[in-house]
Amino acid sequence: MIIVMKKNAPQDQIDRVLEEVKKGELKPMLLSGTERTVIAVIGDERLTDIKHFRALLGVENVIPILKPYTLVARDTKENNTVVKIAPGISIGGKKIHIIAGPCSVESYEVQKQTVDFAKRVGCTIQRGGAFKPRTSPYAFQGMGEEGLKIMAKVREKTGVPVCTEVTDPRLVELVDKYADILQIGTKNMQNYSLLKEVGKTKKPVLLKRGFSATIDEFLMSAEYIMSEGNENVILCERGIRTHETTTRNTLDISAVPVLKKLSHLPVIIDPSHAAGNRDYVVALSRAAIAVGADGILVEVHPDPEEASSDADQIIDLETLDKLMSELKPIAKAIGREL
Ligand code: PEP
Ligand code: MN
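Residues numbered from 1 in each chain as written. Chains lettered and ligands numbered in written order. Predicted model: local features only at pLDDT ≥ 70, side-chain atom pairs only at ≥ 80, totals over all residues. Heavy atoms only, no water.

Caption draft 1: Layout of the overall build of the protein. Per the secondary structure count, the protein includes eleven helices and 14 strands. Against the globule reference of 20 Å for 338 residues, the protein gives a C-alpha radius of gyration of 21 Å, in line with a compact fold. With the C-alpha coordinates of the protein rotated into their principal frame, the extents come out at 65 × 45 × 45 Å. For the protein, the proportion of its 338 residues judged to be buried stands at 54%. Partitioning the contacts of the protein with sequence separation of at least 6, the portion at a separation of at least 24 is 69%. For the protein, the exposed surface amounts to about 15,000 Å²; the carbon and sulfur share of it is 50%. The protein carries 46 positive and 46 negative side-chain charges, and their two centres are separated by 3 Å. (Helix = DSSP H or I, 4+ residues; strand = E, 2+ residues; numbered from the N terminus. Rg over C-alpha atoms; globule rule 2.2 N^0.38 Å. Buried < 20%, exposed > 50% of the residue type's maximum accessible area, 1.4 Å probe, protein only. Contact = heavy atoms within 4.5 Å. Areas by Shrake-Rupley, 256 points an atom, 1.4 Å probe, with all protein chains shown as cover. Lys, Arg positive; Asp, Glu negative; His and termini not counted. Charge placed at Lys NZ, Arg CZ, Asp CG, Glu CD.)

Encoded structure:
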């Protein structure tokens, strides 16, 4: 449930409400970004007497949440959450951000060349996997910490922040040292111990939808992160598994308006893993912006055929340039900036 306090409710009334919530073995969380004090109550609410809370001094309203998630719910927070990544870079506001880079970090030269070009054409965040959750144990598993160091060095030279995946709760501390955004991959969307661990940091988390996850399951995973105190969650639709085999996954374009209706969190689209084929990446990106996504996560490499993972779906630098120029008028037409 959500407890909305009266506009000028004094601190002692707020404290009393917080105390009452804790008595019931529930956890109160003060929500930021709202005009008045709003307290989200999380935990098993079945035994909660809403009338009791309504009667407390300073309480304007108590709203039961019918969905299984609370903190991520739109009912909890009317305004869109804007996640601050670095000075001047926030996801979820008017500006759309393009996160671009290779699937895996390969070398300083490739990362730097890609990021230099991407920055020139308007991309604002670099991507690259240092720890790769590959389907085959024999496939390239990533460069590990060496890869993180390469991305950090490119950030030092270019000022472009780093988005990279963390695959294991034991690696959160290490990846957190280098990354500006902690990415949780599709295969780990329901790795609850990993979600809790990134939830304990204050770092922005880019949570990818599991390829077989429903929207509610996806939002429950975001709830795991937020329930540990990290409000900086960005949702990423990256294609789901359907009967269709001409693309690697099926991009669920409707996930964007659905998530925007159900949640206040920013939503971005990854057209690369959705398509699994570079021929469709530009078209899906256009659709992503038109449908209201707050950003795109796209795989780019100066020589895609030579990429050490996901070569089929990676676009080259020239195509990234084309993509950016095609997205700009679409963003403008819907009142956004790129
Ligand atoms: C990635 O973006 O590097 C990645 C592995 O994507 P996904 O988890 O969506 O497969
Ligand atoms: Mn990839």
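Caption draft 2: Quick look at the pattern of salt bridges. Following the criterion strictly, the structure yields 17 salt bridges and no others. The partner of Glu-237 in a salt bridge is Arg-209, with the nearest N and O atoms 2.9 Å apart. With Glu-237 in strand S12 (residues 233-237) and Arg-209 in the loop between strand S11 (205-208) and helix H7 (215-227), this pair connects stretches of sequence that are 28 residues apart. With respect to class, Glu-237 is no different from Arg-209; both count as buried. A salt bridge links Asp-294 to Lys-260; the shortest N-O distance between them is 2.4 Å. Of this pair, Asp-294 sits in the loop between helix H10 (281-291) and strand S14 (295-299) while Lys-260 is found in helix H8 (residues 255-262), placing the two residues 34 residues apart along the sequence. The same class applies to Asp-294 and to Lys-260, which are both buried. (Salt bridge = Lys/Arg side-chain N within 4 Å of Asp/Glu carboxyl O.)

Caption draft 3: Seen up close, the site of ligand 1. Around ligand 1 sit Arg-127, Lys-132, Glu-165, Gln-183, Gly-185, Thr-186, Lys-208, Arg-238 and His-273, and that is every residue in its neighbourhood. Between ligand 1 and the protein, one listed contact pairs an oxygen atom with a backbone N or O atom of Thr-186 at 2.8 Å. Between ligand 1 and His-273 there is a distance of 3.4 Å, counted from an oxygen atom to a side-chain nitrogen or oxygen. For ligand 1, whose free accessible area comes to 300 Å², the fraction covered by protein is 95%. Within the shell around ligand 1, the residues separate by chemical class into no nonpolar, four polar and five charged. (Near = heavy atom within 4 Å. Polar contact = N/O pair within 3.5 Å; in protein donor to acceptor, adjacent residues only side chain to side chain. Nonpolar A, V, L, I, M, F, W, Y, C, P; charged D, E, K, R; others polar.)

Caption draft 4: Highlighting the sheet that holds strand S1 (residues 2-5). The four strands are arranged S2-S3-S1-S4 in an open sheet whose pairing can be described as antiparallel. Strands with a single pairing partner mark the edges of an open sheet, and in this sheet they are strand S2 (27-30) and strand S4 (59-63). Going across the sheet, the axis of each strand differs from the next one's by a mean of 20°, ignoring polarity. As judged from the three bridges shared by S1 and strand S3 (residues 38-42), these two strands associate in the antiparallel manner. Bridge pairing links Ile-3 to Ile-39 in S3. (Pairing = 2+ DSSP bridges. Axes fitted to C-alpha atoms, helices over the stretch in contact; angles between N-to-C directions.)

Caption draft 5: Molecular detail of the domain arrangement of the protein. By the assigned domains, the protein splits into domain 1 (2-63) and domain 2 (83-333). Of note, the centres of domain 1 and domain 2, computed from C-alpha atoms alone, are 36 Å apart. On the domain 2 side, the residues contacting the four residues of domain 1 number five residues. At the boundary of domain 1 with domain 2, total buried surface from both sides reaches about 300 Å², with 43% on carbon and sulfur atoms. Taken together, domain 1 and domain 2 are joined by zero salt bridges. Scanning the region where domain 1 abuts domain 2 turns up one residue pair in polar contact (both at pLDDT 80 or more). The residue inventory of the side of domain 1 that touches domain 2, partitioned by class, reads two nonpolar, one polar and one charged. (Domains from an automatic or database assignment. Buried area = accessible area lost by both parts, 1.4 Å probe.)

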